[in-house]
Amino acid sequence: MRTAEKPGLSAPASRKLPVPPRERKPALAALAVLLILGGALATTLLVLRSGDRVSAIRITQQVGAGQPFTDRVIEEVQIADTGVDYVAWSQRQRVLQTFAAVTILPGTLLTSDMGVTASRELGPGKAKVGLALKPGQYPAGLEPGDRVQVIHAAGRTTQQESQVLAQSALVNSVGDKGLITVIVDASTSPEIVGYASAGEIAVAELPGAR
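Predicted model, so just to flag it, every value in this text is computed and none were measured. (Residues numbered from 1 in each chain as written. Predicted model: local features only at pLDDT ≥ 70, side-chain atom pairs only at ≥ 80, totals over all residues. Heavy atoms only, no water.)

Inspection of helix 3 (residues 189–197) places Ser-189, Ile-192 and Tyr-195 among the buried residues, and these make up the whole buried set. Along the axis of helix 3, the buried residues cluster in a sector spanning 130°; they form a single face. Projecting away from the buried face of helix 3 at angles above 90 degrees are the exposed residues Pro-190 and Ser-197. For helix 3, the elements touching its buried residues are strand 5 (126–132), strand 6 (147–152), strand 7 (163–174), strand 8 (179–185) and strand 9 (201–205). The positive-phi residue at the C-terminal boundary of helix 3 is Gly-199, with phi of around 75°. (Buried < 20%, exposed > 50% of the residue type's maximum accessible area, 1.4 Å probe, protein only. Helix = DSSP H or I, 4+ residues; strand = E, 2+ residues; numbered from the N terminus. Arc of directions from axis to C-beta. Contact = heavy atoms within 4.5 Å.)

Written as structure tokens, this is what we have:
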């Protein structure tokens, strides 16, 4: 005679108990949504900000330290408003009454600290000297704003040695056929003019001095 099986004991022992569903974490989900919305908002602001344009002044030709700004060396450009203190095109008339504080290269966007109201290079104690130089007495590619040494190149028939008359003269203008104007100390200008009239002046560029 078989004994009746007790109910509930006939299932295999290996059967797994049901796993309760995972609880959702509403706080993390909300944080993820906020991060996504914040990123989208930041991207939108960047796109909108990149569309803001301001009118600025760009330098088109090299301007040497102490030289005045002129209409020929500035132009209007539209740039993105990045918060940098560029000089607005509306201030150009004021800029034309100032001088370059440092040598400014072409393509530079003008900022307020690049200009000064008075030029030490063109002030009292300075003189403009015109030089008519021959090939070999000046380097190719000189531009206004460059710095040069003005040298007395003694002729072969004299017993004098070459000497530097101006250690760091500012090139004020460069014309055709070796016509160059430099700014030197007024005390040395008579000597330079005298040697220049005899064809015994040469200039050497100082690339690192601007």
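Structure's up, so let's keep going.
What follows concerns the pairing of strand 6. Extensive coverage of strand 6 is indicated by the burial of six of its six residues. The side-chain alternation of strand 6 yields two buried faces, one formed by Arg-147, Gln-149 and Ile-151 and the other by Val-148, Val-150 and His-152. Looking at chain direction, strand 6 and strand 7 are connected through five bridges and run antiparallel. Each residue of the ladder has a partner; that of Ile-151, found in strand 7, is Val-164. Here five bridges tie strand 6 to strand 9, and the two strands are oriented antiparallel to one another. Pairing of His-152 across the sheet is with Ile-201, part of strand 9. (Pairing = 2+ DSSP bridges.)

Let's shift gears to the nonpolar core. Within the largest apolar cluster, 17 residues are counted, with the highest numbers of intra-cluster contacts made by Leu-131, Val-150, Val-182, Ile-192 and Ile-201. Looking at this core, the elements with two or more residues in it are strand 5, strand 6, strand 7, strand 8, helix 3 and strand 9. The element that contributes the greatest number of residues to this core is strand 7, accounting for four residues. Each residue touching Val-182, except ones within four places of it in the same chain, is listed here: Ala-127, Lys-128, Val-129, Leu-131, Val-148, Val-150, Ala-169, Leu-170, Val-171 and Asn-172. One finds Val-63, Phe-69, Ile-74 and Leu-110 within the second-largest nonpolar core, a separate group that totals 13 residues. (Core = buried A, V, L, I, M, F, W, Y, C linked by side-chain atoms within 4.5 Å.)

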